[in-house]
Amino acid sequence: PIIPPEVSENPPVEAPTTPASEDTSKKQVSFHSSDPLGIVWTRLGQRLTIPNEEVTGLAFYLCRVGTTSGDVTFAIRDMEDNIIVSKVWGDASDVPEVHTWLEVTFDSPVTIDGEVRLSCEWEGGTPNNCLWFSYYSGNRKSGECYTNYSHQWHDIGEAEEANYRLLTSVVGQILENK
């Protein structure tokens, strides 16, 4: 079996914070486990509803194992899989070897009002050379779920959530990013 780095039988821990929205409805920062990105699943993320908010950026909690290369992209997709907004974070070889918050600020903010998928996207891994995408198993937020993509989207269990941070401002009102 593939064993993710830093995973143990210990209870979930709070991932260190980064400058991002402090509204708890826009993040899941408790870290529990990881899935490999780029081997079977080329996209991992979170399905949720964003209620009429201006989105300025997105962060995920990732690490790298082995030798990797290629663009790592953070995207927000509609439910028909069209890209609403995306940005290349950087090259997979630059992802740290320990779980770290990686964040992008989109070139232009976009107003979203509806159900979407927050997506971390990368292809080209092997079991010993991949990215590890972290998630939380536990009390899932109502209306949200962990989701993965391999030729089509699959929503995962009732009790799992991706580790994500959504940078937003309410349309007409700026929220302080901390």
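Note that this is a predicted model, so its numbers are computed, not measured.

## Structural notes on unusual backbone geometry
Turning to step 1, where the next piece is worked out: Positive phi values are uncommon outside glycine, yet Asp81 reaches one of about 75 degrees.
Turning to step 2, where the next piece is worked out: Along the chain, the position of Asp81 falls in the loop between strand 6 (71-78) and strand 7 (83-91).
Turning to step 3, where the next piece is worked out: The phi angle at His151 is positive, at roughly 75 degrees, despite the residue not being glycine.
Turning to step 4, where the next piece is worked out: As for its position among the elements, His151 is in the loop between strand 10 (145-149) and strand 11 (153-155).

## As for the pairing of strand 7
Turning to step 1, where the next piece is worked out: Where strand 6 meets strand 7, seven bridges bridge the pair, whose relative direction is antiparallel. Bridging across to strand 7, Thr73 finds its partner in Val88.
Turning to step 2, where the next piece is worked out: Once strand 6 ends, the chain turns through four residues before running back antiparallel as strand 7, passing Asp81 with a positive phi of about 75 degrees.

## Description of the packing of aromatic side chains
Turning to step 1, where the next piece is worked out: Considering all chains together, one arrives at six aromatic pairs under this definition.
Turning to step 2, where the next piece is worked out: Taken together, a centroid distance of 5.0 Å and an interplanar angle of 20 degrees make the contact between Tyr135 and Tyr146 stacked. Of this pair, Tyr135 sits in strand 9 (residues 130-137) while Tyr146 sits in strand 10; the two residues are 11 residues apart in sequence, bridging distant segments of the chain.
Turning to step 3, where the next piece is worked out: You can call Tyr135 buried: its relative accessible area is 10%.
Turning to step 4, where the next piece is worked out: One aromatic cluster is present, formed by Phe60, Phe74, Phe133, Tyr135 and Tyr146 through successive ring pairs.

## Structural notes on the side chain of Glu161
Turning to step 1, where the next piece is worked out: By secondary structure assignment, the location of Glu161 is in strand 12 (residues 160-162).
Turning to step 2, where the next piece is worked out: Residue Glu161 is classed as buried on the basis of its relative accessible area of 0%.
Turning to step 3, where the next piece is worked out: Among the polar contacts made by the side chain of Glu161, one reaches the side chain of Gln46 at a distance of 3.4 Å.

## Here we look at the environment of Thr105
Turning to step 1, where the next piece is worked out: Within the fold, Thr105 resides in strand 8 (residues 100-121).
Turning to step 2, where the next piece is worked out: Judged by its relative accessible area of 45%, Thr105 falls in the partly exposed class.
Turning to step 3, where the next piece is worked out: Along the primary structure Thr105 and Leu167 are separated by 62 residues, whereas in three dimensions their C-alpha atoms are 8.2 Å apart.
Turning to step 4, where the next piece is worked out: Ignoring anything within four residues of it in the chain, the contact list for Thr105 reads Thr56, Gly57 and Lys87.

## Comments concerning the environment of Ile83
Turning to step 1, where the next piece is worked out: Examined against the element boundaries, Ile83 turns out to sit in strand 7.
Turning to step 2, where the next piece is worked out: On a C-alpha basis, the gap between Ile83 and Ser119 in space is 9.8 Å, while along the polypeptide they are 36 residues apart.
Turning to step 3, where the next piece is worked out: Setting aside anything within four residues of it in sequence, one finds Ile83 in contact with Ile76 and Arg77.

## With respect to the side chain of Thr147
Turning to step 1, where the next piece is worked out: Following the sequence through the fold, Thr147 ends up in strand 10.
Turning to step 2, where the next piece is worked out: A residue is classified by how much of its surface remains accessible, and Thr147, at 0% relative accessible area, is buried.
Turning to step 3, where the next piece is worked out: A polar atom in the side chain of Thr147 sits 3.1 Å from the backbone oxygen of His154.
Turning to step 4, where the next piece is worked out: Excluding residues within four positions of it along the chain, Thr147 makes contact with Arg43, Leu44, Gly45, Gln46, Arg47, Arg117, Trp153, His154, Asp155 and Ile156.

Scoring rules and cut-offs
- Residues numbered from 1 in each chain as written.
- Predicted model: local features only at pLDDT ≥ 70, side-chain atom pairs only at ≥ 80, totals over all residues.
- Heavy atoms only, no water.
- Helix = DSSP H or I, 4+ residues; strand = E, 2+ residues; numbered from the N terminus.
- Pairing = 2+ DSSP bridges.
- Phe/Tyr/Trp six-rings, centres within 6.5 Å; stacked < 30°, edge-to-face > 60°.
- Buried < 20%, exposed > 50% of the residue type's maximum accessible area, 1.4 Å probe, protein only.
- Polar contact = N/O pair within 3.5 Å; in protein donor to acceptor, adjacent residues only side chain to side chain.
- Contact = heavy atoms within 4.5 Å.

By themselves, these figures tell us nothing about what the structure is for.
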